[in-house]
Amino acid sequence: MNKDLTLGNPGKVLISFTIPLFISVIFQQLYNIADSVIAGKFAGEDALAAIGASYPITMIFMAVAFGCQIGCSVVISRFFGSGNIVKTKTSICTALVSGTVLSAALTLIGVIFSSQLMQLVNTPENIFADGNTYLKIYTAGFIFLFMYNITTGIFNSLGDSKTPLYLLIGSSVINVILDLIFVIPFKWGVAGAAWATFIAQGAACIVSVILLLNRVKNMHTAESFEFFSFKALKEISSVAIPSILQQSFISIGNLFIQYMINDFGSSVIAGYSAAIKLNTFAITSFATFGNGISSFTAQNLSVGKVDRVKSGFKTAIVFSLSIAVFLFLICFFLGEQLLSLFMNEDASELAAKTGLDFLRIVSPFYFTVCTKLICDGVLRGSESMGYFMVATFTDLILRVILAFILSRFFGETGIWSAWPISWGIAAVMSFIFYLKGVWIKDKHKASDAALNS
């Protein structure tokens, strides 16, 4: 069901819209974690390290998908919030057509150049073959992952966060069941984990596209809409490209960090692989509230309701900080138990120590990064992309530089220490941009574009 986010109590509307998104992220991250948990537990430390070594590369592909999702969500939210259904339908169809072409091209690139990409991050010989196998199968299914993300962004822009949730629950269950079958009785190892993800993502993608096309068909208008519009593509791209650059820049930075980590051997890679999956679970949870406030901001600014955005921002901050406190307590005090899920009895002490050190250095600063992501959500929703990119690029550039410098003095512990420092500086910048009201200054641009298109 489509939902207008410009009506009703701002806090309640935002929370009711965001909670399904949050639950979706939990399931999405759980089935991402399932690959590493099952591979590490039943195929060994090297299998866990192999998946971990390919992870930053898969995140580059994810960056493109996530950036396009944001672009679609913000622009379609603006049209839908202003009641322009013709432009809403045109933008949806344009997003689906252009997304299919782009994702098909990236899928082909990933499959052809998987070996070169694994070499790029200095993958150790003992895990190279498994890492390359995982990456090749993963990128072969990228078209499914990409289009699922596009449809999720479109559903969210229509105020519907429940349909993606139901699809993700089904996909997650399929993925975990197939992981268990392919890795344990079939003994396919890393390849089994990759094929499980491929099949689960494919099923979710096909069903989501069918449901979305049916939704568009039922959005009746007196005027006809365009099946593909270069003008709509340009508007989506104006938000999507900066978001893709931001996400890709982060992923490329993570490649540099992975390159540094790979110098410390497969045990450290395995420990980092487990810890970064847990950390990604936390960060993605906070990012969900940022995505929710983006759609909320876009719809409300399209009709000039600035006070509703401010109210929604306060609600999002309080709610996300409470989640940050909970995840900090879990990761800091129960990190050893969580990491043990990824490792069997043959795993080295160094792998476990590496993962625990990472979590205990990084998790106390979850409240910092979640504040940044909420502020970024408002900036994105108002299409203040310049400010958004400045804060995000500052975070990543500092993280890479500090990781390089500190690793020379403190080894892998120095790399982990770069996270909280860069988060803190970038969070202050994002919060200042919010307080200065740069997003309010841009509200006329957003609302005028929606009304005059």
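Here's a quick rundown of the structure. Bear in mind that the values here come from a model prediction, so they are computed numbers and not experimental data. Positions within a chain are numbered from 1, following the residues in the order the chain's sequence is written. Totals for whole chains, interfaces and linings use all residues, but because this is a predicted model, local features are given only for residues with pLDDT of at least 70 and pairs of side-chain atoms are given and counted only at 80 or more. Hydrogens and water are ignored here; the side-chain numbers use all heavy atoms of the structure.

### Comments concerning the state of the cysteines
Item 1. For the purposes of this analysis, a disulfide is any pair of cysteine sulfur atoms at a distance within 2.5 Å. Scanning the entire structure with this criterion turns up 0 disulfides.
Item 2. Unpaired in terms of disulfides, Cys 93 finds its nearest cysteine sulfur in Cys 72, a separation of 12 Å.
Item 3. Relative accessibility under 20% of the residue-type maximum defines a buried residue, over 50% an exposed one, and the middle range a partly exposed one, all with a 1.4 Å probe and only protein chains included. Residue classification places Cys 93 among the buried positions, given a relative accessible area of 8%.

### With respect to the packing of aromatic side chains
Item 1. For this analysis, a ring pair means two rings from Phe, Tyr or Trp (six-membered ring only for Trp) whose centres lie within 6.5 Å, classed as stacked if their planes differ by under 30 degrees, edge-to-face if by over 60, and tilted for the remaining angles. Counted under the stated rule, the structure contains 24 aromatic pairs.
Item 2. Pairing Tyr 366 with Trp 423 gives two aromatic rings, centres 6.3 Å apart and planes at 45°, and the pair type is tilted. Pair noted here: Tyr 366 is in helix α14 (residues 366-381) and Trp 423 is in helix α16 (residues 412-436), with a separation of 57 residues, a long-range link.
Item 3. Relative accessible area serves as the criterion here: at 3%, Trp 423 is assigned to the buried category.
Item 4. Grouped by ring-pair contacts, the aromatic residues Tyr 272, Phe 358, Trp 416 and Trp 419 constitute a single cluster.
Item 5. The cationic tip of Arg 78 hangs over the ring face of Phe 79; the distance from NZ or CZ to the ring centre is 5.3 Å. Only DSSP runs of H or I covering at least 4 residues are called helices, and only runs of E covering at least 2 are called strands; the numbering of each starts at the N terminus. Put simply, a charge is over a ring when the Lys NZ or the Arg CZ is close to the ring centre, within 6 Å, and near the line of the ring normal, within 35 degrees.

### Remarks on unusual backbone geometry
Item 1. Not every positive phi belongs to a glycine, and Asn 122 is a case in point at roughly 60°.
Item 2. When you line up the elements, Asn 122 lands in the loop between α4 (114-120) and α5 (125-140).
Item 3. What makes Asn 122 partly exposed here is its relative accessible area of 27%.

### Quick word on the pattern of salt bridges
Item 1. Any carboxyl oxygen of Asp or Glu that lies within 4 Å of a side-chain nitrogen of Lys or Arg is treated as forming a salt bridge with it. What the rule picks out here adds up to 6 salt bridges.
Item 2. Close ionic contact of Asp 376 with Lys 372 constitutes a salt bridge, the shortest N to O distance being 2.5 Å. You can see Asp 376 and its partner Lys 372 sitting in helix α14, 4 residues apart, about one turn around the helix. With respect to class, Asp 376 is no different from Lys 372; both count as buried.
Item 3. Three or more residues are tied together by salt bridges with common partners; here these are Arg 78, Glu 235 and Glu 383.

### Details of helix α2 (residues 45-81)
Item 1. What a helix should span is 1.5 Å times the count of its residues minus one. For α2, which comprises 37 residues, the first-to-last C-alpha distance of 50 Å matches the rise-based estimate of 54 Å (1.5 Å per residue) to within 8%.
Item 2. Two axes enter the definition of the bend at a residue: one is fitted to the seven residues ending there, the other to the seven starting there, and the bend is the angle between them. Where α2 bends most, at Tyr 55, the angle is about 40°, and the proline Pro 56 comes one to four residues later.
Item 3. Of all 37 residues in α2, 34 are buried, a share of seventy percent or more.
Item 4. Directly beyond the C-terminal end of α2, a positive phi value near 85° is found at Gly 83.

### Thoughts on empty space enclosed by the protein
Item 1. Buriedness of a pocket was judged along seven lines, with at least five required to meet protein on both sides within 12 Å; pockets are open sets of points on a 1 Å grid over the protein atoms alone, cavities are sets where a 1.4 Å probe fits but cannot get out, and lining residues have an atom within 4 Å of a point. Grid points are joined across faces, edges and corners, and a volume is the space filled by probe spheres set on the points. Enumeration according to the criterion identifies 4 cavities of 30 Å³ or more in this entry.
Item 2. Its volume calculated, the second largest cavity comes out at about 100 Å³.
Item 3. Lining the second largest cavity we find 14 residues, and of these Gln 69, Ile 70, Ser 73, Asn 291 and Ser 295 sit closest to its centre.
Item 4. Counting residues per element, the ones that place at least two in the lining of the second largest cavity are α1 (10-43), α2, α6 (142-157) and α10 (266-301).
Item 5. When residues of the lining of the second largest cavity are assigned to their parent elements, the largest contribution, 5 residues, is made by α2.
Item 6. Considering only residue class, the lining of the second largest cavity consists of 5 nonpolar, 8 polar and 1 charged. We call Asp, Glu, Lys and Arg charged. Ala, Val, Leu, Ile, Met, Phe, Trp, Tyr, Cys and Pro are nonpolar, and the rest, Gly among them, are polar.

### Quick word on the side chain of Ser 208
Item 1. Along the chain, Ser 208 falls in helix α8 (residues 189-217).
Item 2. We classify Ser 208 as buried; its relative accessible area is 0%.
Item 3. A polar contact is formed between the side chain of Ser 208 and the side chain of Thr 151, at a distance of 3.1 Å.
Item 4. Those residues in contact with Ser 208 that sit more than four places away from it in its chain are Tyr 148, Thr 151, Phe 155 and Leu 167. A 3.5 Å cut-off defines polar contacts: any pair of N or O atoms within that distance qualifies, except that in protein one atom must be a possible hydrogen donor and the other a possible acceptor, and neighbouring residues in sequence count only when both atoms are side-chain atoms. Any two residues whose heavy atoms approach within 4.5 Å are treated as being in contact.

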